[in-house]
Amino acid sequence: MLKIAIISINQPSLNSAIKLNEYLSEYEVDIYGKKDLQSDFDKFICYEKIDSVLENGWKKYDAIICILAMGIVVRKIAPLLESKATDPAVLVMSMDLSKVIPLLSGHIGGANELSDVIAKKIDGCINFISTATDQVKVFAFDMFAKKNAMKIENLNKLANISNRLINKQKVKVFTYKNIFDAIDDKNNLQLINADEIDENTVIINPLKSSDKLQLKPKIYLGMGCNRNTSFEDIEKAFFYFLDKHNLDLEQIENIASFEAKNDEVGLLTFAKKYNFDIKFFDEKQINALEGEFSPSQAKKFFGLKGVAEPSSVLVSKYKELIIPKEVYEKKITIAGAV
């Protein structure tokens, strides 16, 4: 749940903050006001200096809504600014709640999205978004990353890419076909091969490291194992796999396997330890997948196209295999998909 602070400075702005809270019932909201102001709001917090509210709330809240003069807000938050990747959303609202401005962290921090929610809920409220990509309605890679839980690297390259799209210039995208197909607005985007990468390229790939703007999608693993394979062996194979492909544990979104493995103690123990909501797929689901998979003993024993590869595809977001199955100690198989 989004944690929001609403900051007021006088009695009228405090009254407006309490009224605004009525439109934010789905969020966790604290309201701040200067000492000696009157309020019976149960989450009302008094302050003496606004600087301390902002300093203490900068890491605590996802969004800070200020019913204050914009000049005050700009001056007070200036020393706190770190990065568009980590700064909270900061919004400024007029005292009559008729205007809202997402001032800081419009995309990644969610200020634009929250201001849009507020403007739609309050009759007649005007949402003044200054972000260029929103104004001219072009594709924004940072919003695409946020909506699809992709990690962003080399964020300093974003401005150049966004400006190219705003100016209707070509932007190359090096990624998998299924991910590219998932982009709704492909105007001026070109899917390319690895040998075409240049300074105006965006890479959407969880495996490669680059100095370009890069979005890293989550990876989904399919896992197979012989009967009664131990938790220790599965864990060892898993981390060997991560190390080989230069992956972090946080990049793995979930794991999956064939339904015949749903009572494997070692596999279930592994999933529980690392908080994976392991999914199991049946013969019909696996064999219904189009395309060929690596030869597998599952064909012989279960009549399946495979276990690790098809399971990874079935559980994945974009249904594209990116790491063919690997066999560990002749008893564990792991494959990766996005």
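Residues numbered from 1 in each chain as written. Predicted model: local features only at pLDDT ≥ 70, side-chain atom pairs only at ≥ 80, totals over all residues. Heavy atoms only, no water.

Observations regarding the overall build of the protein
And step 1. Per the secondary structure count, the protein includes 13 helices and 17 strands.
And step 2. With the principal axes as the frame, the protein shows a C-alpha extent of 75 × 50 × 35 Å.
And step 3. Here the protein has roughly 17,100 Å² of accessible surface; of this, 49% comes from carbon and sulfur atoms.
And step 4. In the protein, 45 positive and 47 negative side-chain charges are present, and the distance between their average locations comes to 2 Å. (Helix = DSSP H or I, 4+ residues; strand = E, 2+ residues; numbered from the N terminus. Areas by Shrake-Rupley, 256 points an atom, 1.4 Å probe, with all protein chains shown as cover. Lys, Arg positive; Asp, Glu negative; His and termini not counted. Charge placed at Lys NZ, Arg CZ, Asp CG, Glu CD.)

As for the sheet that holds strand β14 (residues 252–258)
And step 1. With mixed pairing, the five strands of this open sheet are ordered in space as β15-β14-β13-β17-β16. This sheet does not close on itself; its edge strands, each paired only once, are β15 (279–281) and β16 (321–328). Here the strands of the sheet are splayed against their neighbours by 25° on average, with no regard to which way each runs.
And step 2. Across the sheet, helix α9 (residues 231–244) lies against β13 (219–225), β14, β16 and β17 (332–337), angled at about 40° from β17, the strand it touches most.
And step 3. Where helix α13 (residues 308–315) meets the sheet, it contacts β13, β14, β15, β16 and β17, and its direction lies at approximately 145° from that of β13. (Pairing = 2+ DSSP bridges. Axes fitted to C-alpha atoms, helices over the stretch in contact; angles between N-to-C directions. Contact = heavy atoms within 4.5 Å.)

Considerations on the side chain of Ser105
And step 1. As for its placement among the helices and strands, Ser105 is situated in the loop between β6 (99–104) and α4 (111–121).
And step 2. A relative accessible area of 11% means that Ser105 is categorised as buried.
And step 3. Of the polar contacts made by the side chain of Ser105, one reaches the backbone oxygen of Asp87; its length is 3.0 Å.
And step 4. Sequence-distant contacts of Ser105, defined by excluding residues within four places in its chain, comprise Lys84, Asp87, Pro88, Ala89, Gly110 and Ala111. (Buried < 20%, exposed > 50% of the residue type's maximum accessible area, 1.4 Å probe, protein only. Polar contact = N/O pair within 3.5 Å; in protein donor to acceptor, adjacent residues only side chain to side chain.)

A few points about the pattern of salt bridges
And step 1. Counting across every chain of the model gives 19 salt bridges.
And step 2. A salt bridge links Glu26 to Lys121; its shortest N-O distance comes to 2.7 Å. Taken as a pair, Glu26 in the loop between α1 (11–21) and β2 (28–34) and Lys121 in helix α4 lie far apart in primary sequence, 95 residues in all.
And step 3. Accessibility expressed as a relative area gives 35% for Lys121, which makes it partly exposed. (Salt bridge = Lys/Arg side-chain N within 4 Å of Asp/Glu carboxyl O.)

Brief notes about helix α10 (residues 265–273)
And step 1. Those residues of α10 that sit buried are Gly266, Leu267, Phe270 and Ala271. Along α10, the residues classed as buried sweep out an arc of 135° about the axis, all on the same side. More than 90 degrees from the buried face of α10, the exposed residues found are Val265 and Lys272.
And step 2. Just downstream of α10, Asn275 is the residue with a positive phi angle, here 60°. (Arc of directions from axis to C-beta.)

Here's the deal with the side chain of Asp30
And step 1. With respect to the helices, strands and loops of the structure, Asp30 is situated in strand β2.
And step 2. Among the polar contacts made by the side chain of Asp30, one reaches the side chain of Tyr61 at a distance of 2.6 Å.

Comments concerning the sheet that holds strand β5 (residues 89–93)
Either a parallel or an antiparallel arrangement is found when strands of a sheet pair, and the pairing is made through backbone hydrogen bonds.
And step 1. Spatially, seven strands are ordered β3-β2-β1-β4-β5-β6-β7 in an open sheet, and the strand pairing comes out mixed. The open sheet has two edge strands with one neighbour each: β3 (44–47) and β7 (126–127).
And step 2. Against the sheet, helix α2 (residues 50–57) contacts β1 (3–7), β2, β3 and β4 (63–66), and its axis sits at roughly 170° relative to β1.
And step 3. Strands in contact with α4 are β1, β4, β5, β6 and β7; relative to β5, the strand with the most contacts, it is inclined by about 35°.

Side note on the nonpolar core
For soluble globular proteins, nonpolar side chains are generally found buried alongside one another.
And step 1. Ranked by internal contacts, the top residues of the largest apolar core, which has 47 residues, are Phe141, Leu189, Ile204, Leu215, Leu221 and Phe270.
And step 2. When near neighbours in sequence (up to four residues on either side) are disregarded, Leu221 contacts Phe238, Phe241, Ile252, Asn254, Ile255, Ala256, Ser312, Val315, Ile334, Ala335 and Gly336.
And step 3. Formed by 26 residues, the second largest nonpolar core is a distinct cluster that contains Leu14, Ala89, Val100 and Ile118. (Core = buried A, V, L, I, M, F, W, Y, C linked by side-chain atoms within 4.5 Å.)

Side note on unusual backbone geometry
And step 1. Notably, Asp36 is not glycine yet its phi reads approximately 80°, a positive angle.
And step 2. Following the sequence through the fold, Asp36 ends up in the loop between β2 and β3.
And step 3. At Lys168, a position not held by glycine, the phi torsion is positive, near 60°.
And step 4. Tracing the backbone through its elements, the reader meets Lys168 in the loop between α7 (158–166) and β9 (171–174).
And step 5. Take Lys168: its relative accessible area is 64%, and that puts it in the exposed class.

A few points about the pairing of β4
And step 1. The side-chain alternation of β4 yields two buried faces, one formed by Ala63 and Ile65 and the other by Ile64 and Cys66.
And step 2. Bridge analysis of β1 against β4 gives four bridges, and the strand direction is parallel. Bridging from a neighbouring strand, Ile6 pairs with Ile65 of β4.
And step 3. Sheet topology places β4 next to β5; four bridges connect them, and they run parallel. Across the sheet, residue Ile65 finds its bridge partner in β5, namely Leu91.

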